[in-house]
Amino acid sequence: MFTPENKAAILVEALPYIQEFYGKTIVIKYGGNAMINDDLKEKVMQDIALMKYVGIRPVIVHGGGPEITGFLKKVGKQSSFVAGLRVTDEETVEIAEMVLDGKVNSEIVNLLNRRGVRAVGLSGKDAGLIAARKKLATVYEGDESKQVDIGYVGEVDKVDTAIVEDLLDQGYVPVIAPIGVGSDGESYNINADYVAAELAGALEAEKLLLLTDIEGIYKDFNDKSTFISTLHLPEARQYIREGIIAGGMIPKVEACLKALEQGAGKTHIIDGRLDHSIILEIFTSQGIGTQVVR
Ligand SMILES: Nc1ncnc2c1ncn2[C@@H]1O[C@H](COP(=O)(O)OP(=O)(O)O)[C@@H](O)[C@H]1O
Ligand SMILES: CC(=O)N[C@@H](CCC(=O)OP(=O)(O)O)C(=O)O
């Protein structure tokens, strides 16, 4: 992406954005599909470090769906998803927590710390960060929709951002695993897109960036010419009902809508497989991916 010819131009182009975002909070949802290899992970970490060094306050919410699927396979469990959400029985929620909080979270924290960024790992259980309740999945059948019980899948009931704000004020980068706690102390597996959205809303973040494994949203993702650069709220809802936006893209778009409703500035779905996708989105005039707006 960076050639000697365009390097200086890119730096100059970045300047106004560095000024614009100085001191502002940007929430990044780093999905499991954008963690596919060490080289890519390293580039994501470099982007986060760069944001931090130029005075932005990054907050990282990570996924780890493929890692959970891998661990479940090892213990002989098949994964299944309804409307982009993992069907989560008691054993699955235990494994999801172990993988997300114990493995993926500490790996990201370690990678950032090795880059000189002071990162701190949290799960939704820390300091009451994410109070959760059971979420039912919504399945559309034509004009009808029905709610399906998929076990220990949660939605955010309440976020208490005090710990995150304290950490940001002290110069740390919070790295958050999407596990919430119910009123009886039970753990809930929450799609990381929703957690990122709630945090972006509650923190009144300047931006929410959702990193995924596709360039953005397509009207027909087998036809590249149908790429959508800007998606407005009413169309987004309609596309979900019509099945144009499906599977794992549903929680992402719902997350953008939620973040916007709750006070976040802008939301973007971007390709986490692309080298330095974060800085390309933040520090260039064109940006990349699909922006979801009101
Ligand atoms: N209209 C659409 N445009 C783009 N991708 C879509 C669309 N509808 C469904 N998808 C699917 O959503 C996927 C992204 O969701 P997911 O795999 O869960 O991402 P992540 O693991 O990053 O959270 C894409 O790879 C694509 O297969
Ligand atoms: C309920 C639900 O689906 N939870 C997700 C949590 C991890 C996640 O969101 O990971 P990605 O962002 O990598 O997809 C799961 O179990 O896969």
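None of these values were measured; they are calculated from a predicted model.

Draft legend 1. The arrangement of the pairing of strand E16 (residues 290–293) in detail. Pairing of strand E14 (residues 230–232) with E16 involves 3 bridges; the strand directions are parallel. Within E16, the residue paired with His232 across the bridge is Val293. By the bridge criterion, 3 bridges tie strand E15 (residues 266–271) to E16 in an arrangement that is antiparallel. Residue pairing for E16: His268 is matched across the bridge by Gln291.

Draft legend 2. Region of the structure containing the pattern of salt bridges. All told, the structure shown has 21 salt bridges when counted by the stated rule. Put simply, Glu155 and Arg133 hold a salt bridge, and the shortest N to O gap is 3.2 Å. Residue Glu155 is located in strand E7 (residues 144–159), and its partner Arg133 is located in strand E6 (residues 130–141); the two are separated by 22 residues in the primary sequence. Measuring nitrogen to oxygen at the nearest pair gives 3.5 Å for the salt bridge that ties Glu141 to Lys146.

Draft legend 3. Representation of the site of ligand 2 within the structure. Not every one of the 15 residues close to ligand 2 is listed here, only the nearest: Lys29, Gly32, Gly65, Arg86 and Asn189. In this structure the site holding ligand 2 corresponds to the largest pocket. At the level of secondary structure, the elements contributing two or more residues to the shell around ligand 2 comprise helix H3 (65–74) and strand E4 (85–86). Top element by residues in the shell around ligand 2 is H3. It accounts for 3 residues. A breakdown of the residues in the shell around ligand 2 according to their chemical character gives 6 nonpolar, 7 polar and 2 charged.

Criteria and thresholds
- The numbers attached to residues start from 1 for each chain and follow its sequence in the written order.
- All chains are assigned letters beginning at A, and all ligands numbers beginning at 1, according to the order in which they are written.
- Only residues with pLDDT of at least 70 get local features here, since the model is predicted, and only at 80 or more are side-chain atom pairs given and counted; chain-wide, interface and lining totals rely on the full set of residues.
- Excluded from the side-chain calculation are hydrogens and water; included are all heavy atoms of the structure.
- Pairing between strands is defined by DSSP: at least two bridges between the two strands are required.
- Every helix listed is a DSSP run of H or I at least four residues long, and every strand listed is a run of E at least two residues long, numbered separately from the N terminus.
- The term salt bridge refers to a pairing of a side-chain nitrogen on Lys or Arg with a carboxyl oxygen on Asp or Glu at a separation within 4 Å.
- One heavy atom within 4 Å of a molecule or strand makes the whole residue count as near it.
- A pocket, in this scheme, is an open set of points on a 1 Å grid over the protein atoms alone with protein on both sides within 12 Å along at least 5 of 7 lines, while a cavity is a set where a 1.4 Å probe fits but cannot get out; residues line either one if an atom lies within 4 Å of a point.
- Grid points define the cavity or pocket, and a molecule sits in it when more than half of its atoms lie within 2 Å of them.
- Classification convention: Asp, Glu, Lys, Arg as charged; Ala, Val, Leu, Ile, Met, Phe, Trp, Tyr, Cys, Pro as nonpolar; all other residues, Gly among them, as polar.

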